[in-house]
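# A closer look at the structure
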Amino acid sequence: MRRKSKKSIDIARRAEIGAERRARTRMELLAAALELFGRPHGRNTRIEDLCTRARISRGTFYNYFVGIEPLLEALSDVLTRDFDAAVHRAMDQLPGPLERTSAAMRYYLHGALVDSRWGWAIVNSSVGTTLYGPGIARQVLASIQEGIDAGHFQLDYADVGRDIVLGTGISATLSLLHGGTPPDYPEKVAHHVLLSLGARPSRARATTARPMRQLPRVQTDTPFFRGALGAVARG
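Read on for a plain summary of the structure. For clarity, every value in this text was computed on a predicted model and none was experimentally measured.

## As for unusual backbone geometry
Glycine aside, a negative phi is what most residues show, and trans is what most peptide bonds show. One non-glycine residue with positive phi stands out, namely Arg55, at about 60°. Secondary-structure assignment places Arg55 in the loop between helix H2 (47-54) and helix H3 (58-64).

Shown next, in the form of structure tokens:
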């Protein structure tokens, strides 16, 4: 078996170092985006602001993203990836789409209370696109359709239910971030969302009154959720 030459090893190592550097710069750029978009008026952030915070040139920014919108899609993904993994591990233990829809709303709303920077970044990265990103929008749509098929939700189209959940989610998140809401506001919101989807009042009330399971802890080496996931939404 022929051994690799030192030259080929050096080329491979240089390529590996280059890839590591690119990944690190991309993560630093997303961390800068979190800091800037994670403020009440973060939606006004410009490319120049991001470059200044990340200490990169405008040309370097365009090596990673062609504009603000693709950056926001990437930010939305890293904001929700680990959190959503924990939510779904908890939701896997729930019996049906009605319970899972309620739990998801409560977890995400309580998450914005635990880490307001995360909450503002979620809102500001979703304006004009999809709340929590397209992946979660697809999951919500699937859950709503499952609820319709099971007779829990009385809707003509699952898309209507998805828009009720996501639209209410962004509005309720803003209310929580601005302050002045009662401690059980996430539960009240989830209750009325279930009613809007056509759930029976007694079932909606009982579902949202149940104590929340603690979120499973998710190991993460990113700074995109500041707070103990296991402590969110104790009910």
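## Focus: the environment of Ala23
Counting through the fold element by element, Ala23 comes out in helix H1 (residues 6-37). Of the residues examined, Ala23 reaches a relative accessible area of 47% and is grouped as partly exposed.

## Considering helix H8 (residues 158-178)
With 21 residues, H8 ought to run about 30 Å at 1.5 Å a step, and its terminal C-alpha atoms sit 30 Å apart, in line with that. Every buried residue of H8 is listed here: Ala158, Gly161, Val165, Leu166, Gly169, Ala172, Thr173, Leu176 and Leu177. The arc that holds every buried residue of H8, seen down its axis, measures 135°, which confines them to one face. Buried residues in H8 make contact with helix H5 (97-114), helix H6 (116-126), helix H7 (134-149) and helix H9 (185-196). Count one or two residues on from H8 and you reach Gly179, which has phi positive near 85°.

## Quick word on the packing of H9 against helix H10 (residues 201-209)
Following both chains from N to C, one finds H9 and H10 inclined at 155°, their axes separated by 9 Å at the closest point. If you check the angle between H9 and H10, you find them roughly antiparallel. The two elements H9 and H10 meet at a crossing, and its hand is right-handed. Residues Glu187, Ala190, His191, Leu194 and Leu195 of H9 touch H10, and the partners they reach there are Pro201, Ala204, Arg205, Thr207 and Thr208. Looking at the contact of H9 with H10 residue by residue, the classes come out as five nonpolar, three polar and two charged.

## What to know about the packing of aromatic side chains
Under the criterion given, the structure shown has three aromatic pairs. Measuring from ring centre to ring centre gives 6.1 Å for Phe61 and Phe65, while their planes differ by 45°; the resulting arrangement is tilted. Residues Phe61 and Phe65 agree in their burial class; the two are buried. Connected via pairs of aromatic rings, a cluster forms that spans Phe61, Tyr62 and Phe65. Across from the ring centre of Tyr64, 4.7 Å away, lies the NZ or CZ of Arg22, which sits over that ring.

## Observations regarding the nonpolar core
Core analysis: the biggest nonpolar cluster contains 57 residues, and Leu29, Leu50, Phe61, Leu71, Leu75 and Ile144 have the highest contact counts within it. In terms of residue count, helix H4 (residues 68-91) provides more of this core than any other element does, twelve residues in total. Sequence-distant contacts of Leu29, that is, excluding residues within four places in its chain, are made with Leu50, Ala54, Ile56, Phe61, Tyr64, Phe65 and Leu71.

## Some details on the pattern of salt bridges
Per the stated rule, a full pass over the model turns up ten salt bridges. Linking Glu99 and Arg203 is a salt bridge whose minimum nitrogen-to-oxygen distance equals 2.8 Å. Here Arg203 lies in helix H10 and Glu99 lies in helix H5, a separation of 104 residues in the sequence. On the accessibility criterion, Glu99 (6% relative accessible area) is buried. Arg203 gets classed as partly exposed once you look at its relative accessible area, which sits at 23%. For Asp163, the salt bridge identified is with Arg162, shortest N-O distance 3.1 Å. Residue classification places Asp163 among the partly exposed positions, given a relative accessible area of 45%. Assessed through its relative accessible area of 22%, Arg162 is described here as partly exposed.

Parameters at a glance
Residues numbered from 1 in each chain as written. Predicted model: local features only at pLDDT ≥ 70, side-chain atom pairs only at ≥ 80, totals over all residues. Heavy atoms only, no water. Helix = DSSP H or I, 4+ residues; strand = E, 2+ residues; numbered from the N terminus. Buried < 20%, exposed > 50% of the residue type's maximum accessible area, 1.4 Å probe, protein only. Expected span 1.5 Å × (residues − 1). Arc of directions from axis to C-beta. Contact = heavy atoms within 4.5 Å. Axes fitted to C-alpha atoms, helices over the stretch in contact; angles between N-to-C directions. Parallel < 35°, antiparallel > 145°, perpendicular 65-115°, else oblique. Left-handed = near helix turned anticlockwise from the far one by under 90°. Nonpolar A, V, L, I, M, F, W, Y, C, P; charged D, E, K, R; others polar. Phe/Tyr/Trp six-rings, centres within 6.5 Å; stacked < 30°, edge-to-face > 60°. Lys NZ or Arg CZ within 6 Å of the ring centre and 35° of its normal. Core = buried A, V, L, I, M, F, W, Y, C linked by side-chain atoms within 4.5 Å. Salt bridge = Lys/Arg side-chain N within 4 Å of Asp/Glu carboxyl O.

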